[in-house]
Amino acid sequence: MNTYQNKQAKKYIVAMAISSCIVMLSFIVMMSLFDSWWKKRENEAVLYMLESVAEQYPQVDLAELVRALNYDKEISDRKQADLKAELEKYGIDNSVYYMKEMQSAHRLAIFAGVGLFLMVEIILITIFVLYLKKRQKELFYLENYMDRISDGDYNLDLSDNSEDELSSLKNHMYKLTIMLKEQARIAGNRKVALAESVSDISHQLKTPLTSAQILLDNIMDNPDMDKITKDKFIKEIAKQVTGMRWMIIAMLKLSRLDAGVVNFERVEISLDKMICQAIENLEVMAELKGITVKYESKDKAIFIVGDFNWNREALQNILKNAIEHSESGESVWIQLQQNDVYTSITVTNKGEPLTQKQQQQIFERYYSEGKFEENSIGIGLPLAKAILEKQGAYLSVLSKNGYNSFIIKYILSP
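Here we summarise the structure given alongside this text.

Below, the discussion takes up the packing of helix α9 (residues 308-324) against helix α11 (residues 380-390). At their nearest, the axes of α9 and α11 sit 8 Å apart, and the two run at 150° to each other. Between α9 and α11, the interaxial angle falls into the category roughly antiparallel. In this structure, α9 meets α11 at a crossing whose hand is left-handed. Contact with α9, carried on its side by Trp310, Asn311, Glu313, Ala314, Asn317, Ile318 and Asn321, involves Gly380, Leu381, Leu383, Ala384, Ile387 and Leu388 of α11 and no other residues of that element. Among the residues making up the contact of α9 with α11, the classes are represented as 8 nonpolar, 4 polar and 1 charged.

Structure follows, in structure tokens:
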């Protein structure tokens, strides 16, 4: 059986028990004093009687009188009846004390006992009523707080907490309110992120959808269109659809990151394996554009702790950006290296120099320079940056001597 945990109730119970013990001890002491006083008065009365008998009847043996006092059965029933009849002449019977003061003392003892009993009962009832009032006040406070929670008020004062069940309940309620508040905040952020994503997707889809619609209308309105032109239009439509598909997927991923609903794994991953997979996934794209991807590393046995798939996603977006903004026949270099402070992956391609302002804006969403391809919507790099920063890594850009380098840095744990 579990131990009773209401420490506040225990205090009241202990107080009631102590009060009862004090009253009981007081009653025992009082009765002991009363008994001593009673014995003293009896002895005084007996001594007075013996003294009177000895003065009036010197020939009486006092020892015989003492024996008579100790053994009343030696007196015959007849003599006892005669003595009782004689006493009744003076108004003394079994209902009256021989010594008048004994009657008042007896009443006093009864009244004192009843008074002590009533006093302890009043004390116990008072303590219990105070406890019930305090408990009712705390219950009313909790009830009122539950109403405030339902109205969105999450401010709970824990300064008056004690160690009883209600305080434990308040603590659990506080944890619950914090959890509800956090869930409400997350839900609000998710709604905002979803609304923004829907708005962004709607805005970004307008141009490619309009372009695809115009091309389709031309094909449908010109059934005799020559095959070369028709194939060109169809390829352009396919290109727009592919771009929209990638854009929607990327924007949804970014909105998930913004809403904080992505749970990143924390496992040991090989950066060499991750880089090789990213290159392999973009191999067809690089070949179609005539780009060669070169990868070098002095030490390929480099590991970090993180989420393999999401880190690969970030690297692929950076690599895809480098391929898109490289001329046919050029190369993109990937370099993996490590020092005492961090591990870095550098993706470099030849391109027009980026100004300081462009280097700051390139990671902004939907930022795209005019020199970039028409289907570039400026979301791949912001997505990569968001993925990396969510895992404690950093992404920066360096433009120098006609080459643009994107650098991922994983800080080493101490």
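All right, on to the sheet that holds strand β6 (residues 394-400) then. Think of a sheet as strands paired side by side through backbone hydrogen bonds, with each pair either parallel or antiparallel. Pairing is mixed in the open sheet, where 5 strands are placed in the order β2-β4-β5-β7-β6. Unpaired on one side and paired on the other, β2 (292-297) and β6 mark the two borders of the sheet. Looking at each pair of strands side by side, their axes are set apart by 15° on average, direction ignored. Two elements, strand β4 (residues 331-338) and strand β5 (residues 342-350), share 7 bridges in a ladder whose sense is antiparallel. Note that in β5 the partner of glutamine 337 across the bridge is serine 344. On top of the sheet, α11 reaches β6 and β7 (403-411); it is set at about 135° to β6, its chief contact.

Now for the pairing of strand β3 (residues 303-306). Here β3 shows a buried face lined by Ile304 and Gly306 and an unburied face lined by Phe303 and Val305. Bridge count between strand β1 (residues 267-270) and β3: 4 bridges; the pairing is antiparallel. Across the sheet, residue glutamate 268 finds its bridge partner in β3, namely valine 305.

Quick look at the packing of aromatic side chains now. Per the stated rule, a full pass over the model turns up 3 aromatic pairs. Here the aromatic rings of phenylalanine 363 and phenylalanine 406 are separated by 6.2 Å at their centres, their planes lie at 85°, and the arrangement is edge-to-face. One end of the pair, phenylalanine 363, is in the loop between α10 (356-361) and α11; the other, phenylalanine 406, is in strand β7, and 43 residues separate them in sequence. Lysine 273 extends its terminal NZ or CZ atom over the ring of phenylalanine 308, reaching a point 5.8 Å from the ring centre.

What follows concerns the pattern of salt bridges. For the coordinates displayed, the defined rule picks out 3 salt bridges. Lysine 227 serves as the salt-bridge partner of aspartate 231, at 2.9 Å between the closest nitrogen and oxygen. Here aspartate 231 pairs with lysine 227, and both are found in helix α6 (residues 227-259), just 4 residues apart, close to one helical turn. Here aspartate 231 falls in the partly exposed class, since its relative accessible area comes to 30%.

In an α-helix, one full turn covers 3.6 residues, which means residues spaced three or four apart are oriented alike. Among the 11 residues in α11, 8 count as buried, and that is most of the element. Within the sequence span of α11, burial applies to Gly380, Leu381, Pro382, Leu383, Ala384, Ala386, Ile387 and Leu388. Just downstream of α11, glycine 392 is the residue with a positive phi angle, here 85°.

Turning our eyes to something else, we now look at the nonpolar core. Nonpolar side chains in soluble globular proteins tend to be buried together. Residues Ile345 and Tyr410 are the most contacted members of the largest nonpolar core, which totals 50 residues. Elements supplying a minimum of two residues to this core: α6, α7 (271-281), α9, β4, β5, α11, β6 and β7. Not counting chain neighbours up to four residues away, the residues in contact with isoleucine 345 comprise Leu271, Met274, Ile275, Leu315, Ile334, Gln335, Leu336, Phe406, Ile407, Ile408 and Tyr410. Core analysis: the second largest hydrophobic core is formed by 6 residues, Ile219, Met225, Phe233 and Ile237 among them.

Thresholds, definitions, all that
Residues numbered from 1 in each chain as written. Predicted model: local features only at pLDDT ≥ 70, side-chain atom pairs only at ≥ 80, totals over all residues. Heavy atoms only, no water. Axes fitted to C-alpha atoms, helices over the stretch in contact; angles between N-to-C directions. Helix = DSSP H or I, 4+ residues; strand = E, 2+ residues; numbered from the N terminus. Parallel < 35°, antiparallel > 145°, perpendicular 65-115°, else oblique. Left-handed = near helix turned anticlockwise from the far one by under 90°. Contact = heavy atoms within 4.5 Å. Nonpolar A, V, L, I, M, F, W, Y, C, P; charged D, E, K, R; others polar. Pairing = 2+ DSSP bridges. Buried < 20%, exposed > 50% of the residue type's maximum accessible area, 1.4 Å probe, protein only. Phe/Tyr/Trp six-rings, centres within 6.5 Å; stacked < 30°, edge-to-face > 60°. Lys NZ or Arg CZ within 6 Å of the ring centre and 35° of its normal. Salt bridge = Lys/Arg side-chain N within 4 Å of Asp/Glu carboxyl O. Core = buried A, V, L, I, M, F, W, Y, C linked by side-chain atoms within 4.5 Å.

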